[in-house]
Amino acid sequence: MMHAADIARVPLLNPDKLVRSWRQVLTPLPDEFDTRMVAIGSREPGVYLVEAVHEDLRAYTIAMVSDLSVITKTTPDGEMLGSTGDRQTGEPRGDATVEGVRRGRVRGRGETNREGLLQLRLPPEPRPIPSGEGEEGADTSFDSAEYLVIARRGEQVAVTDLSPWYFRWHRF
């Protein structure tokens, strides 16, 4: 069985799918942990997995290249207004498919209009049972799993997260 600390030693990327490889030396900083900006250069639109390697250790992050942006507003009863636009100019971008995904399941889907707008109803989550009123051993805590709002228009993709707390489903 693999130990959790060993996962950073397992190669993830398929060498046949490699888009670009480069070496970038990062000098140590005084802090134990730090964050660095690493330029990946100009890329075609898409979602890229970036792998950093140091000796036998690996770390991964996602890089998205897109001219599409998505902004969301919510109401307490589960309505979401989505707006898609050009990331540089802010001009509306219609004909985008927008999905609300939670726990790997699409919970709502629609298309933006010419103005880049979409109204979407995300189904309310079951409200938890107050403590002491549920079955013995039942989980009565609020399920705070985030939504991912994913907008697609051709090769362009934009993603944002959306907390169910915005819908106030946690209130009794």
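Residues numbered from 1 in each chain as written. Predicted model: local features only at pLDDT ≥ 70, side-chain atom pairs only at ≥ 80, totals over all residues. Heavy atoms only, no water.

**Remarks on the sheet that holds strand E8 (residues 147–153)**
Turning to step 1, where the next piece is worked out: The four strands are arranged E6-E5-E8-E9 in an open sheet whose pairing can be described as antiparallel. At either end of the open sheet lies a strand with only one pairing partner, and these are strand E6 (105–111) and strand E9 (156–162). The mean inter-strand angle of the sheet, taken between neighbouring strand axes irrespective of direction, is 20 degrees. (Pairing = 2+ DSSP bridges. Helix = DSSP H or I, 4+ residues; strand = E, 2+ residues; numbered from the N terminus. Axes fitted to C-alpha atoms, helices over the stretch in contact; angles between N-to-C directions.)

**So, the nonpolar core**
Turning to step 1, where the next piece is worked out: If you look at the biggest cluster of nonpolar residues, it comprises 12 residues: Leu68, Val70, Met80, Val98, Leu118, Leu120, Leu122, Tyr147, Val149, Ala151, Ala158 and Leu162.
Turning to step 2, where the next piece is worked out: Beyond its immediate sequence surroundings of up to four residues, Leu120 is in contact with Gly78, Glu79, Met80, Val98, Gly100, Gly108, Arg109 and Gly110. (Core = buried A, V, L, I, M, F, W, Y, C linked by side-chain atoms within 4.5 Å. Buried < 20%, exposed > 50% of the residue type's maximum accessible area, 1.4 Å probe, protein only. Contact = heavy atoms within 4.5 Å.)

**Re the pattern of salt bridges**
Turning to step 1, where the next piece is worked out: Under the definition given, this model contains six salt bridges.
Turning to step 2, where the next piece is worked out: Linking Asp86 and Arg93 is a salt bridge whose minimum nitrogen-to-oxygen distance equals 3.4 Å.
Turning to step 3, where the next piece is worked out: For Asp86, a relative accessible area of 14% puts it in the buried group.
Turning to step 4, where the next piece is worked out: For Arg114, the salt bridge identified is with Glu115, shortest N-O distance 3.8 Å.
Turning to step 5, where the next piece is worked out: You can call Glu115 partly exposed: its relative accessible area is 42%.
Turning to step 6, where the next piece is worked out: Three or more residues joined by partner-sharing salt bridges are found here, namely Glu99, Arg109 and Arg152. (Salt bridge = Lys/Arg side-chain N within 4 Å of Asp/Glu carboxyl O.)

**What to know about the environment of Val38**
Turning to step 1, where the next piece is worked out: Within the fold, Val38 resides in the segment before strand E1 (46–54).
Turning to step 2, where the next piece is worked out: A residue is classified by how much of its surface remains accessible, and Val38, at 40% relative accessible area, is partly exposed.
Turning to step 3, where the next piece is worked out: Expressed as a C-alpha distance, the spacing of Val38 and Gln24, which sit 14 residues apart in the sequence, is 8.4 Å.

**Some words on the pairing of E1**
Turning to step 1, where the next piece is worked out: Where E1 meets strand E2 (residues 57–65), nine bridges bridge the pair, whose relative direction is antiparallel. For Glu51, the partnering residue across the bridge sits in E2 and is Tyr60.

**Observations regarding the sheet that holds strand E4 (residues 79–86)**
Turning to step 1, where the next piece is worked out: Taken together, three strands build an open sheet; the order of strands is E3-E4-E7 and the sheet is antiparallel. One side of each edge strand has no neighbouring strand; the edge strands of this open sheet are strand E3 (68–74) and strand E7 (117–121). Across the sheet, the axes of successive neighbouring strands diverge by a mean angle of 25 degrees, strand direction being ignored.
Turning to step 2, where the next piece is worked out: As paired strands, E4 and E7 are joined by five bridges and run antiparallel to one another. The partner of Glu79 across the bridge, within E7, is Arg121.

**Describing the side chain of Ser66**
Turning to step 1, where the next piece is worked out: Relative to the elements of secondary structure, Ser66 occurs in the loop between E2 and E3.
Turning to step 2, where the next piece is worked out: Overall, Ser66 belongs to the buried group, its relative accessible area being 13%.
Turning to step 3, where the next piece is worked out: A polar contact of 3.1 Å, which involves the side chain of Ser66, links it to the side chain of Gln156.
Turning to step 4, where the next piece is worked out: Here the side chain of Ser66 touches Val157 through a polar contact of 2.9 Å, landing on its backbone oxygen.
Turning to step 5, where the next piece is worked out: Residues within four places of Ser66 in sequence aside, it is in contact with Arg87, Gln156, Val157 and Ala158. (Polar contact = N/O pair within 3.5 Å; in protein donor to acceptor, adjacent residues only side chain to side chain.)

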